Amino acid sequence: MRVLIVAQGGADLSPLETLLEARGNTVVHVARDVDVPAAWRAEPCPLVVLDAREPGSRIPLVRALRSLPGGPSAVVLLVGRRGGLHLLEPALEDGADEVLAWPMEQEELRLRLDMAERRYLRRESRTGVPFGDELRDTMLAVSPVPTSITTLGEGRVVAANDAYFRAFGYSREEMLGKTTVELRLWERPFDRSHVMERLRQHGSVRGVDAQYHTRTGEVRHTLLFMGLVPYAGEPHVISFFPDITPLKQAEEEVRRSEVSFRTLIQSLPDLVAVFDRDARVRYANLKVARALGYSDVRELIGKHISDMIPPEDLASADARMHEALRTGRNALQERRMVRRDGGILHVESTTFPLHFDGEDSIVSVAHDLTERHQMQARLMLAERMASVGTLAAGVAHEINNPLAYLTANLAFAREELSNLPVPGAPGVDPALAEALADAQSALAEAQQGAERVRTIVRDLKTFSRVDSLEDAVVDVRQVLDSTLNLATTEIRHRARLVKFFEDVTPVRANESRLGQVFLNLLVNAAQAIPEGSPDRHEIRVCARMGDGGRVMVEVSDTGVGIAAEHLPRLFDPFFTTKAPGVGTGLGLSICHNLVTALGGEIRVRSSPNRGSTFQVLLPAAERPREVAQPPPLDTPAAEKRGRLLVVDDEPLVCTALGRTLRPHHDVTLATRAQDALERIEAGEHYDVVFCDLMMPGMSGMDFYSTLMKRYPDQARRVVFLTGGAVTPQARAFLETVTSPHLEKPFAGRELLSLVQERLARA
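From a predicted model like this one, the values you see are computed outputs, not experimental measurements. (Residues numbered from 1 in each chain as written. Predicted model: local features only at pLDDT ≥ 70, side-chain atom pairs only at ≥ 80, totals over all residues. Heavy atoms only, no water.)

1. Topic: the overall build of the protein chain
From N to C terminus, the protein chain includes 23 helices and 27 strands. A total of 762 residues make up the protein chain; the buried ones form 42% of that total. Approximately 40700 Å² of the protein chain is accessible, and the part contributed by carbon and sulfur atoms is 53%. (Helix = DSSP H or I, 4+ residues; strand = E, 2+ residues; numbered from the N terminus. Buried < 20%, exposed > 50% of the residue type's maximum accessible area, 1.4 Å probe, protein only. Areas by Shrake-Rupley, 256 points an atom, 1.4 Å probe, with all protein chains shown as cover.)

So, in structure tokens, the structure goes:
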């Protein structure tokens with residue numbers, strides 16, 4: 001028997017060679033794997049011994065041997081080192097018959113060679129059965145898997161089972177004798193050349209994902225298995241084509257479903273995260289990363305929930321997660337989350353258990369409540385401001401009524417005293433003259449105090465109109481003066497106030513809202529300066545023209561300043577650098593919104609311990625067209641005396657007005673609008689009717705409406721007196737009627753001048 005020994009590098013296997021030759025065998029030596037086919041073509045070898053003691057796989061050589069003519073019948077023995085035989089198991093699976101542990105005892109070696117000879121003889125006895133006969137046909141017929149036998153070179157189909165023909169949609173006659181290329185079975189032509197190369201190198205192909213065409217043009221998927229078999233005395237290729245198209249379709253459906261699911265999760269406006277049982281992030285959508293201040297979702301993976309929850313809230317959040325795992329029920333709660341920069345994010349979170357990637361997990365779907373909280377805070381602040389405005393308007397109205405008769409009576413008293421003999425006149429007692437002078441001084445000081453109260457009330461009324469959204473042409477200097485009057489108490493104990501107002505063009509704005517902006521900046525400037533050292537600190541308020549023709553208001557202080565890292569967030573809602581309880585963090589945010597709504601801009605410059613400067617830039621208002629004024633009325637040579645009616649529910653106001661007007665006119669007083677209406681109905685006619693706007697019973701508005709219906713001539717002579725229109729209805733009324741109105745308190749000369757004007761136009 002001819003024996004082929006393939007010894008790597010000419011390794012010594014002399015004991016084996018001696019034993020083989022003693023048994024009458026012819027030994028053929030080959031030192032390189034590439035020389036094996038040439039030695040085999042000289043004459044097939046029933047027994048092959050492969051030296052496998054050196055590193056390297058012997059699988060390719062085993063497969064190559066099996067593909068050679070007579071190769072399937074040959075017995076292949078592997079010689080390996082003791083202790084490393086497990087490394088040869090793959091070669092056994094790929095066609096080797098036995099492993100010899102080298103060195104080996106003579107008796108054992110002789111026994112192994114006997115077994116190898118008997119194995120070869122059994123195989124050789126079966127080679128007489130032609131493969132294409134009954135056995136071949138039976139194997140092909142019973143296999144449910146599409147199976148074919150093709151020539152090794154061209155791939156020509158020589159045999160196949162019915163499942164094969166059904167799979168491709170051809171009849172037996174149409175396929176037998178044709179190559180797979182001629183039939184155009186392969187989706188991509190290079191697939192076949194690639195598979196055949198693998199077959200030549202390794203002797204078999206296992207589980208290659210391939211695509212093929214059916215007769216109708218449908219593309220199907222198969223998991224291709226191929227091997228070498230003898231057929232008609234020549235090596236052929238046997239191929240198995242299990243159809244995995246449904247599996248591929250299912251995989252594609254799963255893939256598309258997963259892509260759709262992830263796209264859906266990424267597109268949701270909510271924050272979606274998946275936690276494992278240890279409360280660590282396994283998955284999160286981009287909304288979570290952005291809401292918490294991260295640029296990439298991967299930065300969140302693996303983080304513990306304690307990294308995203310305030311310490312005081314951790315126990316509650318952890319309990320909710322474990323409750324959801326234990327009960328399987330959803331858990332809904334409002335919770336706070338910690339941003340990367342330390343800021344707080346308010347969310348409403350629903351947690352529920354889910355089997356995710358093969359593990360029990362907790363899904364959290366959270367809705368960002370920050371905007372809702374901001375809106376609630378703004379609404380609360382707006383309601384508070386509206387309440388303060390209503391209160392301020394009411395206070396102003398109640399103060400203006402007594403202030404009206406106070407100022408009127410003071411003016412009357414001073415005028416009466418001025419008619420008395422002056423000190424030093426003949427016959428005037430010096431003591432009396434001195435007393436009169438002191439009284440005049442006292443009354444003058446009282447008038448100054450009343451005027452100061454009047455100014456304060458006027459400024460307070462400016463801030464009471466918070467619900468008026470209409471803009472008007474406003475002089476920012478006047479708004480600043482009013483605001484500074486209100487902020488004086490906050491400023492004077494902390495710093496010197498320096499004002500520098502240049503000529504500026506008016507702006508279009510809501511006076512009340514603009515006053516809120518300036519007051520907030522002034523209060524912030526004052527609160528940035530500690531109390532007790534006003535001589536060492538300064539708050540400077542400037543108004544001048546800025547760039548682009550805009551009006552610029554600047555508020556500067558010498559306070560503690562603002563850290564550079566806080567400047568980018570200074571106008572964010574709820575951000576504050578003040579101590580807890582001192583600020584809500586909404587003041588500058590509201591200022592920014594108000595100024596931006598006016599088409600303006602607010603800027604800030606600041607350095608720690610060097611103070612801050614806030615600039616408000618507002619677009620100038622368009623200058624109104626100049627309207628030609630009617631020619632002035634000729635000034636009468638003498639005052640006219642008229643018949644006047646005064647209607648006010650405050651008796652002292654009536655008395656004071658009567659005292660002021662009676663020296664010049666005939667005056668009738670009424671403390672009820674109903675009484676005044678009865679006088680007119682009785683036939684009395686008046687040149688001027690002074691009527692309070694807000695009165696119990698019949699109000700000034702009701703009185704005027706009745707006059708317009710019954711006595712329109714008398715209605716046109718009405719002049720309204722108001723201590724402050726405290727209701728939207730009253731404000732709307734004054735804006736619609738043509739009758740003038742006087743704000744309480746008013747000066748006596750102002751009142752008399754108005755009467756003369758009305759009499760001249762009558």
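2. Regarding helix H19 (residues 673-681)
Among all positions in H19, only Ala 673, Ala 676, Leu 677 and Ile 680 are buried. Looking straight down H19, one finds that the buried residues subtend no more than 100° of arc, so they occupy a single side. Each element contacted by the buried residues of H19 is listed here: strand E23 (643-647), strand E24 (666-670), helix H20 (700-710) and helix H21 (712-715). Looking one or two residues past H19, Gly 683 carries a phi angle of roughly 110°, positive in sign. (Arc of directions from axis to C-beta. Contact = heavy atoms within 4.5 Å.)

3. Examining the packing of helix H15 (residues 476-492) against helix H16 (residues 511-527)
The geometry of a pair of packed helices is captured by two quantities: the angle between their axes and the separation between those axes. The contact between H15 and H16 brings their axes to 9 Å, and the two run at 40°. Here H16 runs oblique to H15, going by the angle between their axes. Regarding H15 and H16, the two cross each other, and that crossing is right-handed. Facing Val 476, Val 479, Leu 480, Thr 483, Leu 484, Ala 487, Glu 490 and Ile 491 of H15, the residues of H16 in contact are Glu 511, Leu 514, Gly 515, Phe 518, Leu 519, Leu 522, Ala 526 and Gln 527. Considering only residue class, the contact of H15 with H16 consists of eleven nonpolar, three polar and two charged. (Axes fitted to C-alpha atoms, helices over the stretch in contact; angles between N-to-C directions. Parallel < 35°, antiparallel > 145°, perpendicular 65-115°, else oblique. Left-handed = near helix turned anticlockwise from the far one by under 90°. Nonpolar A, V, L, I, M, F, W, Y, C, P; charged D, E, K, R; others polar.)

4. A word on the nonpolar core
Within the largest apolar cluster, 36 residues are counted, with the highest numbers of intra-cluster contacts made by Val 476, Val 507, Leu 514, Val 517, Leu 521, Leu 522 and Ile 539. Per-element accounting of this core gives the leading share, seven residues, to H16. (Core = buried A, V, L, I, M, F, W, Y, C linked by side-chain atoms within 4.5 Å.)

5. Some words on the sheet that holds E23
With respect to topology, five strands assemble into an open sheet ordered E24-E23-E25-E26-E27, the strand pairing being parallel. In this open sheet, the two edge strands, each paired with only one partner strand, are E24 and strand E27 (741-743). Taken over all neighbouring pairs, the strand axes of this sheet differ in orientation by 20° on average, direction set aside. Bridge analysis of E23 against E24 gives five bridges, and the strand direction is parallel. Paired with Val 647 across the strands is Ala 670, a residue of E24. Lying over the sheet, helix H23 (residues 748-761) contacts E23, strand E25 (688-692), strand E26 (718-722) and E27, oriented at roughly 135° with respect to E25. (Pairing = 2+ DSSP bridges.)

6. Quick notes on the packing of H16 against helix H17 (residues 587-597)
For the pair H16 and H17, the least separation of the axes is 10 Å and the interaxial angle reads 145°. Considering the relative orientation of H16 and H17, their crossing is left-handed. Contacts between H16 and H17 involve Arg 513, Gln 516, Val 517, Asn 520, Leu 521 and Asn 524 on the former and, on the latter, Gly 587, Leu 588, Cys 591, Leu 594 and Val 595.

7. Section: the sheet that holds strand E22 (residues 612-618)
Read across the open sheet, the five strands follow the order E17-E19-E20-E22-E21; overall the sheet is mixed. For this open sheet the edge positions go to strand E17 (496-501) and strand E21 (601-606), each flanked by a neighbour on one side alone. Here the average twist between neighbouring strands, direction ignored, is 10°. Relative to E22, strand E20 (residues 551-557) runs antiparallel, the two being bridged by seven bridges.

8. Digging into unusual backbone geometry
Going from Trp 102 to Pro 103, the amide bond is cis rather than trans, its omega being 0°. As for its position among the elements, Pro 103 is in the loop between strand E5 (98-102) and helix H5 (106-126). Residue Pro 745 is bonded to the preceding Lys 744 through a cis peptide linkage, with omega at -10°. For Pro 745, the position within the fold is in the loop between E27 and H23. Phi at Ala 279 is positive, roughly 65°, even though this residue is not glycine. Relative to the elements of secondary structure, Ala 279 occurs in the loop between strand E11 (271-275) and strand E12 (281-284). What makes Ala 279 buried here is its relative accessible area of 4%. One non-glycine residue, Asn 609, adopts positive backbone phi at about 65°.

9. What about the environment of Leu 617?
Residue placement: Leu 617 occurs in strand E22. Between the C-alpha atoms of Leu 617 and Leu 598, which are 19 residues apart in sequence, the distance is 9.8 Å. Setting aside residues up to four positions removed in sequence, Leu 617 forms contacts with Asp 547, Arg 550, Val 551, Met 552, Val 595, Gly 600, Glu 601 and Arg 603.

10. Let's talk about the side chain of Arg 494
By the element assignment, Arg 494 lies in the loop between H15 and E17. Arg 494 gets classed as buried once you look at its relative accessible area, which sits at 13%. Within the local environment of Arg 494, its side chain forms a polar contact with the backbone oxygen of Ala 526, the two atoms lying 3.4 Å apart. Not counting the four nearest positions on each side in its chain, Arg 494 is found in contact with Ala 526, Gln 527, Ile 529, Pro 530, Glu 531, Ser 533, Pro 534 and His 537. (Polar contact = N/O pair within 3.5 Å; in protein donor to acceptor, adjacent residues only side chain to side chain.)

11. With respect to the packing of aromatic side chains
How two aromatic rings sit relative to each other is given by the distance of their centres and the angle of their planes. This model, assessed by the stated rule, comprises eight aromatic pairs. A ring pair is formed by Phe 168 and Tyr 212, whose centres lie 4.6 Å apart and whose planes are at 50°; its orientation type is tilted. Pair noted here: Phe 168 is in helix H7 (residues 162-168) and Tyr 212 is in strand E8 (residues 204-213), with a separation of 44 residues, a long-range link. Relative to Phe 241, the ring of Phe 168 lies with its centre 5.7 Å away and its plane at 85°, an arrangement referred to as edge-to-face. Remark: Phe 241 occurs in the loop between strand E10 (234-240) and helix H10 (245-267) and Phe 168 occurs in helix H7; sequence separation between them is 73 residues. Residues Phe 168 and Phe 241 agree in their burial class; the two are buried. (Phe/Tyr/Trp six-rings, centres within 6.5 Å; stacked < 30°, edge-to-face > 60°.)

12. So, H16
At 3.6 residues per turn, the α-helix brings residues three or four places apart onto the same side. Here H16 contains 17 residues, and its C-alpha end-to-end distance of 24 Å stays within 8% of the 24 Å for a straight helix at 1.5 Å per residue. Restricting attention to buried positions, one finds in H16 the residues Ser 512, Leu 514, Gly 515, Gln 516, Val 517, Phe 518, Leu 521, Leu 522, Asn 524, Ala 525 and Ala 526. For H16, the N-terminal cap is Asn 510; the gap from its side-chain oxygen to the backbone nitrogen of Arg 513 is 2.8 Å. (Expected span 1.5 Å × (residues − 1).)

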